[in-house]
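In case you want the letters, here they are:
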Amino acid sequence: MEIIRIVVLSLSALMLVFVGVMRLSNPIKTYSKSSGIKLENDVSLLNEMRGVAAVMLFAGIIISLGTFIEKLTFNSHLVAALIFIGFAIGRLISLKVDGKPNKQITQGILFEIILGVANTFCLIDVLS
């Protein structure tokens, strides 16, 4: 099970660090390319986007520490589960309230659900 925890944490960390860095460095280009969303050059909107990107980046760093420092494994799985399940729940609510998003975002929802569930199972395993 140790290998599975390392793989789940590594994939979770890589995804969050990559997306966090890309959206922090160039949100307009990144959202357009990865999500098909055209952002305006609105300072307040970009500030919000970069704020969320920084949270994703730092969550990814914390999660990655759990692969190297055994005492942080529980916290890393907890953070990853909260981030991925939180995004998935928010997107599922939006799916119900706002309608179906484009293909890229739909694929993102699937990855978030998979990584959220995987981290939750690993979290339960760490507790037992």
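Provided above is the structure to which this section pertains.
Being a predicted model, the structure only gives us computed values, none of them experimental.

1. Regarding the overall build of the protein chain
Helix and strand counts for the protein chain come out as five helices and zero strands. Here the protein chain has a C-alpha radius of gyration of 15 Å; the compact-globule value for 128 residues is 14 Å, and the two agree. Each of the three principal axes of the protein chain carries a C-alpha extent, and together these read 45 × 30 × 20 Å. Burial status across the protein chain gives 31% buried among its 128 residues. In the protein chain, 70% of the contacts between residues at least 6 apart in sequence involve partners at least 24 apart. Working note: accessible area of the protein chain is about 8000 Å², and carbon and sulfur atoms make up 70% of it. Side chains of the protein chain carry 11 positive and 8 negative charges; the gap between the two charge centres is 8 Å.

2. Some remarks on the pattern of salt bridges
For side chains of opposite charge, pairing can occur when their charged atoms come near one another. Going through the model one piece at a time under the given rule, you end up with three salt bridges. Among the salt bridges present, the one from E2 reaches R5, with a minimum N-O distance of 2.5 Å. One end of the pair is E2 and the other is R5, both in helix α1 (residues 2-25) and three residues apart, which spans about a single turn. Note that E112 and R91 form a salt bridge whose closest N and O atoms lie 2.9 Å from each other. Of the two residues, E112 is situated in helix α5 (residues 103-127) and R91 in helix α4 (residues 73-98); the sequence distance between them amounts to 21 residues. Overall, R91 belongs to the partly exposed group, its relative accessible area being 24%. One salt-bridge network, held together by shared partners, links E2, R5 and D125.

3. A few points about the packing of aromatic side chains
Each aromatic ring pair is specified by the distance between its two centres and by the angle formed by the two planes. The final tally for this structure, using the stated rule, is zero aromatic pairs. Lying across the ring of Y31, R23 places its NZ or CZ 4.3 Å from the centre.

4. Observations concerning the environment of E40
Tracing the backbone through its elements, the reader meets E40 in the loop between α2 (27-35) and α3 (43-68). The exposed category is assigned to E40, whose relative accessible area is 54%. In sequence terms E40 and L95 are 55 residues apart; their C-alpha atoms lie 23 Å from each other. In this structure, E40 is in contact with I28, L45 and L46, ignoring residues within four places of it in sequence.

5. Quick word on α4
Here α4 contains 26 residues, and its C-alpha end-to-end distance of 36 Å stays within 8% of the 38 Å for a straight helix at 1.5 Å per residue. Within the sequence span of α4, burial applies to T73, S76, H77, A80, A81, I83, F84 and A88. The elements touched by buried residues of α4 are α1, α3 and α5. Among the residues trailing α4, G99 stands out with phi positive, at a value near 110 degrees.

Calculation notes
- Residues numbered from 1 in each chain as written.
- Predicted model: local features only at pLDDT ≥ 70, side-chain atom pairs only at ≥ 80, totals over all residues.
- Heavy atoms only, no water.
- Helix = DSSP H or I, 4+ residues; strand = E, 2+ residues; numbered from the N terminus.
- Rg over C-alpha atoms; globule rule 2.2 N^0.38 Å.
- Buried < 20%, exposed > 50% of the residue type's maximum accessible area, 1.4 Å probe, protein only.
- Contact = heavy atoms within 4.5 Å.
- Areas by Shrake-Rupley, 256 points an atom, 1.4 Å probe, with all protein chains shown as cover.
- Lys, Arg positive; Asp, Glu negative; His and termini not counted.
- Charge placed at Lys NZ, Arg CZ, Asp CG, Glu CD.
- Salt bridge = Lys/Arg side-chain N within 4 Å of Asp/Glu carboxyl O.
- Phe/Tyr/Trp six-rings, centres within 6.5 Å; stacked < 30°, edge-to-face > 60°.
- Lys NZ or Arg CZ within 6 Å of the ring centre and 35° of its normal.
- Expected span 1.5 Å × (residues − 1).

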